[in-house]
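Residue-level structure breakdown
Single-letter residue listing:
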Amino acid sequence: MTLLETTSIAAVSLYGLLSSAYRSVQVLHARRTLKSEIAENTVEESSLPSVDIIVPSFNESPRVLSDCLASLANQDYPGVLRVFVVDDGSRNRDAVVAEQIVYAGDARFEFIMLPRNVGKRKAQIAAISRSSGDLILNVDSDTTLASDVVSKLSQKMRDPAVGAVMGQLVASNQNDSWLTRLIDMEYWLACNEERAAQGRFGAVMCCCGPCAMYRRSAFVLLLDQYETQLYRGKPSDFGEDRHLTILMLSAGFRTEYVPSAIAATVVPNGLAAYLRQQLRWARSTFRDTLLGLHLLRGMNWYLTLDVVGQNAGPLLLALSVLAGLAQFALTGSLPWWTIGTIGSLTLIRCGVAAYRARQLRFLGFSLHTLVNVFLLLPVKAYALCTLSNSDWLSRGSGVNASGAVRTQKASETPMLAAPEATFSGE
């Protein structure tokens, strides 16, 4: 047996053992979380916390933005609810102005027009400085919420130890292409395996941006750290949801997952946009994993396994694939042990997901293994080598904005303002 064959077999065997242990324990804890969700108790309307929904918008499609705001207007939450729509210097500001006219008679809605693009994080902060609700719900402008989302998330926040909570994400455009179908299944697995298992220990590591609720008192304490995040001395302009979640955990708050609170978000329907998104997410994950490692000392051992599985697993998989490819290129022999191990693990995971979701379509998620091996692993390797790069890729270079946006007054952000001639890209 050659050195390459030995390396390939050893790497893929370690990957198989780690993946099997990690996925098995993950599914076990996830099932317990999903089963433990209980019916809401009746609460007096006067005792319900007030909720501020913040919707940053940048060059959003008029139809998509309209659907998003309509879903917020239709929330069945009986408590005080306000919606802050922040236009972040869009080139198509007319779309936001049109929605402002639609909701002119709804006292719950307030529109904030920033004179220039400052990025999602500072757009959120502009709204926070104008709001006063007990709870803050961040919603992406391409996301629509089921009518009971605010009620279900705020129910979980009745526990004062909970600082943040997220709902379940689905792809609103899942039928657009083979890729959007895969992403929709990927979201289901990420929510109902990874987040559900983490939620069992009150430590969801990333309350996702499309639908995440925060306790204002906790958010305000962390606001300066959130706004001024740096990596190697440079501003970090993406990964705000993961970073804020890690800050919440570091401050001693629990972070939870509510699977019945459904948020449908638009996902990339082309490979180029998908890979750019995955590159940003990978950089954010690597950065904030390092930031949050100290938290593991006081947490359940499963969360350490989770971090190892998510980070060492792909490294072992990449080593297995590289050794297998080298073996084939140099000796002409196929790495059957590597192919069989990866294929078997894929079929088992997809079969378990199909059974748990009661949907045979998850058997088709096997295709994602090819995407992962030949596209996502190289992207993650590139992300690891370029962690200092804060370019959004899809919106141009990072934005330099002053903290003045936090104290911007209503007179400085006029309603129904005409669009600016040019804006920096987000």
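Think of each chain on its own: its residues are numbered from 1, step by step along the sequence as written. The model is predicted, so local features are restricted to residues of pLDDT at least 70 and side-chain atom pairs to those at 80 or more, both for listing and for counting; the totals for chains, interfaces and linings are taken over all residues. Side-chain numbers here rest on the full set of heavy atoms in the structure, without hydrogens or water.

Examining the sheet that holds strand S6 (residues 162-171)
- Strand order in the open sheet formed by 8 strands is S3-S2-S1-S4-S7-S6-S10-S5, and the pairing between neighbours is mixed. Either end of the sheet is taken by a strand with one partner, and the two such strands are strand S3 (109-114) and strand S5 (143-145). With direction set aside, neighbouring strand axes in the sheet form an average angle of 30°.
- For two strands to be treated as a pair, DSSP must find no fewer than two bridges joining them. By the criteria applied, helices consist of DSSP H or I runs no shorter than four residues and strands consist of E runs no shorter than two, each listed in order from the N terminus. Relative to strand S10 (residues 254-265), S5 is paired through 3 bridges, and the arrangement is antiparallel. By the bridge assignment, Thr143 is partnered in S10 with Thr265. Axis angles are defined between N-to-C directions and span 0 to 180 degrees, where every axis is a line fitted to C-alpha atoms and, for a helix, only to the segment in contact.

Side note on the packing of helix H1 (residues 3-36) against helix H11 (residues 336-357)
- Two elements in contact, H1 and H11, have axes separated by 9 Å at closest approach and are oriented at 10°. For the element pair H1 / H11, the angle class is roughly parallel.
- Taken together, the residues of the contact of H1 with H11 sort by class into 10 nonpolar, 7 polar and 4 charged. Comment on the angle field: the value is read as roughly parallel under 35 degrees, roughly antiparallel over 145, roughly perpendicular from 65 to 115, and oblique elsewhere. The classification used treats Ala, Val, Leu, Ile, Met, Phe, Trp, Tyr, Cys and Pro as nonpolar, Asp, Glu, Lys and Arg as charged, and all other residues, Gly among them, as polar.

Digging into the pattern of salt bridges
- The rule for a salt bridge is simple: a side-chain nitrogen of Lys or Arg has to be within 4 Å of a carboxyl oxygen of Asp or Glu. Here the structure, examined in full by the defined rule, presents 14 salt bridges.
- Between Asp87 and Arg93 there is a salt bridge whose closest N-O contact spans 2.7 Å. You'll find Asp87 and Arg93 in the same group, each marked buried. Any residue under 20% of the maximum accessible area for its type is buried, any over 50% is exposed, and the rest in between are partly exposed; the area is computed with a 1.4 Å probe on protein chains only.

Overview of the packing of aromatic side chains
- A pair of Phe, Tyr and Trp rings is counted when the ring centres sit within 6.5 Å of each other, with Trp represented by its six-membered ring. The angle between the planes then sorts it: under 30 degrees is stacked, over 60 is edge-to-face, the rest tilted. The final tally for this structure, using the stated rule, is 5 aromatic pairs.
- Plain terms: the ring middles of Tyr214 and Phe219 are 5.5 Å apart, the flat faces sit at 70° to each other, and that makes the pair edge-to-face.
- By relative accessible area, which is 1% here, Tyr214 ends up buried.
- For Phe219, a relative accessible area of 1% gives the class buried.
- Among the aromatic residues, those joined into a ring-pair cluster are Tyr214, Phe219 and Tyr226.
- By definition, being over a ring means that NZ of Lys or CZ of Arg is both within 6 Å of the ring centre and within 35 degrees of the ring normal. Sitting above the plane of the Tyr226 ring, Arg121 keeps its charged end 4.9 Å from the centroid.
- In this arrangement the basic side chain of Arg358 is found over the ring face of Tyr355, its NZ or CZ atom lying 4.4 Å from the centre.

What to know about the UniProt feature "transmembrane region" (unreviewed entry) in the chain
- Within this numbering scheme, the UniProt entry marks residues 257-275, 312-330, 336-355 and 362-383 as carrying the feature "transmembrane region" (unreviewed entry).
- The span residues 336-355 is 100% helical and 0% strand by assignment, and the distance between its end C-alpha atoms comes to 28 Å. UniProt positions are given in the numbering used here, feature names are shortened, and annotations may be inferred rather than shown by experiment.

Concerning the nonpolar core
- Counting 99 residues, the largest nonpolar core has Ile53 and Leu137 as the members making the most contacts within it.
- Among all residues touching Ile53, those that are not within four sequence positions of it are Leu72, Leu81, Arg82, Val83, Phe84, Leu137, Val139 and Val150.
- For this analysis, a nonpolar core means a set of buried residues of the types Ala, Val, Leu, Ile, Met, Phe, Trp, Tyr and Cys, connected via side-chain atoms within 4.5 Å. In terms of nonpolar packing, the next biggest core, distinct from the first, is built from 8 residues, Val12, Tyr15, Leu317 and Val321 among them. Note on contacts: a residue pair qualifies if any of its non-hydrogen atoms lie within 4.5 Å across the two residues.

Quick word on the packing of helix H6 (residues 178-199) against helix H10 (residues 301-331)
- Remark: H6 packs on H10, axes separated minimally by 10 Å, with the N-to-C direction vectors making an angle of 150°. By the criterion of interaxial angle, the relationship of H6 to H10 is roughly antiparallel. Of the two possible hands of crossing, H6 and H10 adopt the one that is left-handed. Judged by residue contacts, Glu194, Ala197 and Gln198 of H6 engage Tyr302, Leu303, Asp306 and Gln310 from H10.
- In terms of residue class, the contact of H6 with H10 is built from 3 nonpolar, 2 polar and 2 charged. In this scheme the crossing of two helices becomes right-handed for a clockwise turn of the near helix relative to the far one and left-handed for an anticlockwise turn of less than a right angle.

Here we look at the pairing of S10
- Extensive coverage of S10 is indicated by the burial of 9 of its 12 residues.
- With 9 bridges joining them, S6 and S10 adopt parallel strand pairing. Paired with Met166 across the bridge in S10 is Tyr257.

What to know about the environment of His29
- Following the sequence through the fold, His29 ends up in helix H1.
- By relative accessible area, which is 8% here, His29 ends up buried.
- Measuring from C-alpha to C-alpha, the distance between His29 and Gln198 comes to 8.0 Å, with 169 residues separating the pair along the chain.
- Not counting chain neighbours up to four residues away, the residues in contact with His29 comprise Ala196, Ala197, Arg200, Phe201 and Tyr302.

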